[in-house]
Amino acid sequence: MENIDDIDLPETETEKGGKNFWTNLFRTILGITISILLTFGTNALIQQRRKAQDRKMTALMVMSNIESFARTLETRSNRMAPTSPNALKN
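The shown structure was predicted, so the numbers you read here are calculated from the model rather than taken from an experiment.

A.B. asks: Give a description of the overall build of the protein that names residues and reports values.
C.D. replies: For the protein, the helix and strand inventory stands at 1 helix and 0 strands. Sorting the 90 residues of the protein into buried and exposed places 0% on the buried side. Counting only carbon and sulfur atoms, one obtains 61% of the accessible surface of the protein, whose full area is about 9200 Å².

In structure tokens:
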């Protein structure tokens, strides 16, 4: 088994000073910001599309209910209407 001091580790650039730290910090913050914008932007677009689909479905359901009600009224009025012309005179 190797001793931990004998393992060759790659050299890091942190020995150059604080510039690398600020660069990495800026990149991290930029990456996080882009991720957040993509997440919330995509979610907003999906919600907007779902709302449009829901509105369309609701309109179709309302129109179907109105049509069904109109058919019911027409059927009932046909049943209640007199069938013979003499029935209207009384």
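We are not done yet, so read on.
A.B. asks: Please give an account of the pattern of salt bridges that cites residues and values.
C.D. replies: Tallied over the entire structure, the rule returns 1 salt bridge. As a salt-bridge pair, E67 and R71 come within 2.6 Å of each other at their nearest N and O atoms. On the criterion of helical spacing, the pair formed by E67 and R71 is a turn pair, its members being 4 residues apart in helix α1 (residues 19–80). Looking at E67, the relative accessible area reads 43%, which means it is partly exposed. Given a relative accessible area of 54%, R71 falls into the exposed group.

Rules used throughout
- Every chain's residues receive numbers from 1 upward, in the order its sequence appears when written.
- Owing to the predicted nature of the model, reporting of local features is limited to residues with pLDDT of at least 70; listing and counting of side-chain atom pairs is limited to 80 or more, with chain, interface and lining totals taken over all residues.
- Side-chain descriptors were evaluated using all non-hydrogen atoms of the structure, hydrogens and water having been removed beforehand.
- Here a helix means four or more residues in a row that DSSP labels H or I, a strand means two or more in a row labelled E, and each is numbered from the N terminus.
- Partly exposed describes any residue whose relative accessible area lies between the buried limit of under 20% and the exposed limit of over 50%, with all areas from a 1.4 Å probe on protein chains only and scaled to the type maximum.
- Accessible areas in this description were obtained via Shrake-Rupley with a 1.4 Å probe; residue shielding takes into account the shown protein chains only.
- Any Lys or Arg side-chain nitrogen found within 4 Å of a carboxyl oxygen on Asp or Glu counts as a salt bridge.

So far we have only geometry, and geometry alone does not tell us how the molecule works.
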